[in-house]
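# Tertiary structure, described
Spelled out from the first residue to the last, the chains are:
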Protein chains: 2
Amino acid sequence: MKFMSLTIAGATALGLIAGTMVAAPVAAQDAEALINIRKAHMRLNGFNIGPLGAMAQGDIPYDAEVAAASAANLAAIASIDQTRYWAEGTGRPDAENTRALAAIWENPDDFRAKQDGLVTATAALADVAGNGLEALQGAMGGVGGACGACHRTYRAEQ
Amino acid sequence: MKFMSLTIAGATALGLIAGTMVAAPVAAQDAEALINIRKAHMRLNGFNIGPLGAMAQGDIPYDAEVAAASAANLAAIASIDQTRYWAEGTGRPDAENTRALAAIWENPDDFRAKQDGLVTATAALADVAGNGLEALQGAMGGVGGACGACHRTYRAEQ
């Protein structure tokens, strides 16, 4: 049996701090791997937010099937346990190539609460996204708010 | 309200072929975006397979919490609807920078069945991964088999 790569980050980022959804420090090469994983995760979010935002804003026609699938995808992505992503020292100023701020590790409980906010908002969106444009629009505010709440506090502007 | 980017692929890859989990052709710049999304998805798989494979093979100690979280993550990732990823013409030889083969679009039902195989195998893994090393090892074969079944048929060797 042969498994995929990325076992380095897997094997070294296992010193978890229970309940806070941040992890113990890792070596520099592992920090880079974790930053890339976080970016991959965010890319999947963006890919699914894309058509939902475009529909909500009237840029493309509402499509119930695509709306429902994209919203369900967002909820599935939000449900991913991110503990191993957030090893201490993998934000600014310790690490480059990331907009994650050190405030994440200074406020792990609030960071976790903001992630949980996205779980709640995407679940609510998934419940209604296939029920018409107005239902979609009504639930998108919660998702945009959850994204923004975390980004405003824990992501660098540039 | 401001949403994330990637709306181009979102807006243009909406010509779905129902039930087959492949989508209508897209422009070249959108093909590149879709290929990158598929790679991001696969990266998340690799990140979560990493510690599970290392535990199963005895390279790192078994950790029930990490095993359960990683397996649940794999199941969540497998549940993501991939229809929009697989626009026709985004495999070889039409597209570069991808190992996806044209056979995907020649056998959409089989491709879908193989994706469903991963959904089943990762759900079975998630059910038992926290129950000890032997339980984990017993369920990893199914996941490895599901990965390999699709890769052997639909992914170029290099």
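Every chain is numbered independently, its residues counted from 1 as its sequence is written. By the order in which they are written, chains take letters starting at A while ligands take numbers starting at 1. Thresholds applied to this predicted model are a pLDDT of at least 70 for local features of residues and 80 or more for the giving and counting of side-chain atom pairs; totals over whole chains, interfaces and linings are not thresholded and use all residues. Here the side-chain values reflect all heavy atoms present in the structure, with hydrogen atoms and water set aside.

What follows deals with the overall build of chain A. Put simply, DSSP marks the helices as runs of H or I at least four residues long and the strands as runs of E at least two long, and each gets a number from the N terminus on. For chain A, the helix and strand inventory stands at 6 helices and 2 strands. The order of α-helices and β-strands along chain A, N terminus first, is α-β-β-α-α-α-α-α. Note on exposure labels: buried denotes an accessible area under 20% of the residue type's maximum, exposed denotes more than 50%, and partly exposed covers the range between, all computed with a 1.4 Å probe on protein chains only. In chain A, which comprises 158 residues, the share counted as buried stands at 49%. Note on contacts: a residue pair is in contact if any heavy atoms of the two residues lie within 4.5 Å. Taking all contacts inside chain A whose residues are at least 6 apart in sequence as the whole, residues at least 24 apart take part in 70%. Summed over all atoms, the accessible surface of chain A reaches about 6900 Å², with 53% contributed by carbon and sulfur. Each accessible area is a Shrake-Rupley estimate made with a 1.4 Å probe; only the visible protein chains count as cover when residues are assessed.

Close approach of charged atoms lets side chains of opposite charge pair. Residues and elements named next belong to chain A. By convention in these notes, a salt bridge is any Lys or Arg side-chain nitrogen within 4 Å of a carboxyl oxygen on Asp or Glu. Applying the stated criterion across every chain, the model contains 4 salt bridges over all chains. Residue Arg112 pairs with Asp116 through a salt bridge whose shortest N-O separation is 3.4 Å. Taken together, the residues span about one helical turn, with Arg112 and Asp116 both in helix 5 (residues 108–128) at a distance of 4 residues. Exposure remark for Asp116: the relative accessible area of 34% places this residue in the partly exposed category.

Cis geometry is adopted by the peptide bond preceding Pro93(A), which originates at Arg92(A) and carries an omega value of 0°. By secondary structure assignment, the location of Pro93(A) is in the loop between helix 3 (64–78) and helix 4 (103–106). Even without being a glycine, Asn97(B) presents a positive backbone phi close to 65°. Taking the relative accessible area as the measure of exposure, Asn97(B) reaches 44% and is therefore partly exposed.

What follows concerns the nonpolar core. Of all hydrophobic cores here, the largest spans 44 residues; its most connected members are Leu44(A), Trp86(A), Ile104(A), Leu44(B), Trp86(B) and Ile104(B). Those residues within four positions of Ile104(B) in sequence are excluded, and the remaining contacts are Val22(B), Trp86(B), Phe111(B) and Tyr154(B). Definition used in this section: a nonpolar core is a set of buried Ala, Val, Leu, Ile, Met, Phe, Trp, Tyr and Cys residues joined via side-chain atoms within 4.5 Å.

Residue and element names in this part refer to chain A. Each residue after the first adds 1.5 Å to the expected span of a helix. Helix length check: helix 5, at 21 residues, gives a terminal C-alpha distance of 31 Å against a target of 30 Å (1.5 Å per residue), a fit within 8%. Those residues of helix 5 not exposed but buried are Pro108, Phe111, Gln115, Leu118, Ala121, Thr122 and Leu125. Along the axis of helix 5, the buried positions cluster into a sector of 150°, meaning they face one direction only. Among the exposed residues of helix 5, those pointing more than 90 degrees away from its buried face are Asp109, Thr120 and Asp127. Check the buried side of helix 5 and you find it contacts strand 2 (22–23), helix 2 (28–56), helix 3, helix 4 and helix 6 (133–154). This arc describes the spread of directions from the helix axis toward the C-beta atoms.

What follows covers the confidence of the model for chain A. Residue and element names in this part refer to chain A. The predictor attaches a confidence to each residue, called pLDDT, with possible values from 0 through 100. Of the residues in chain A, 87% have a pLDDT of 70 or more, and the chain-wide mean is 89. Within the model, pLDDT remains below 50 along residues 1–18, and this stretch shows 47 contacts once partners closer than five positions in the same chain are excluded. The ipTM assigned to the predicted complex is 0.87, against a pTM of 0.88.

To continue, consider the environment of Ile104(A). Residues and elements named next belong to chain A. With respect to the element layout, Ile104 can be found in helix 4. Residue class for Ile104 comes out buried when judged on its relative accessible area of 1%. Between the C-alpha atom of Ile104 and that of Cys150, which follows or precedes it by 46 residues, the distance is 9.6 Å.

Quick look at the side chain of Arg38(B) now. Residues and elements named next belong to chain B. Looking at the secondary structure, you find Arg38 in helix 2 (residues 28–56). Despite being buried, Arg38 has no salt bridge partner; Glu32 is the closest side chain of opposite charge, sitting 9.0 Å away. A distance of 3.3 Å separates polar atoms of two side chains, one belonging to Arg38 and the other to Thr98. For Arg38, the residues in contact, after removing those within four places along its chain, are Tyr85, Trp86, Thr90, Thr98 and Ala100. In this tally, Lys and Arg are treated as positive and Asp and Glu as negative; His is ignored, and so are the chain termini. Residues adjacent in sequence count toward polar contacts only when both atoms are side-chain atoms; beyond that, a polar contact is any pair of N or O atoms within 3.5 Å, and within protein one must be able to donate a hydrogen and the other to accept it.

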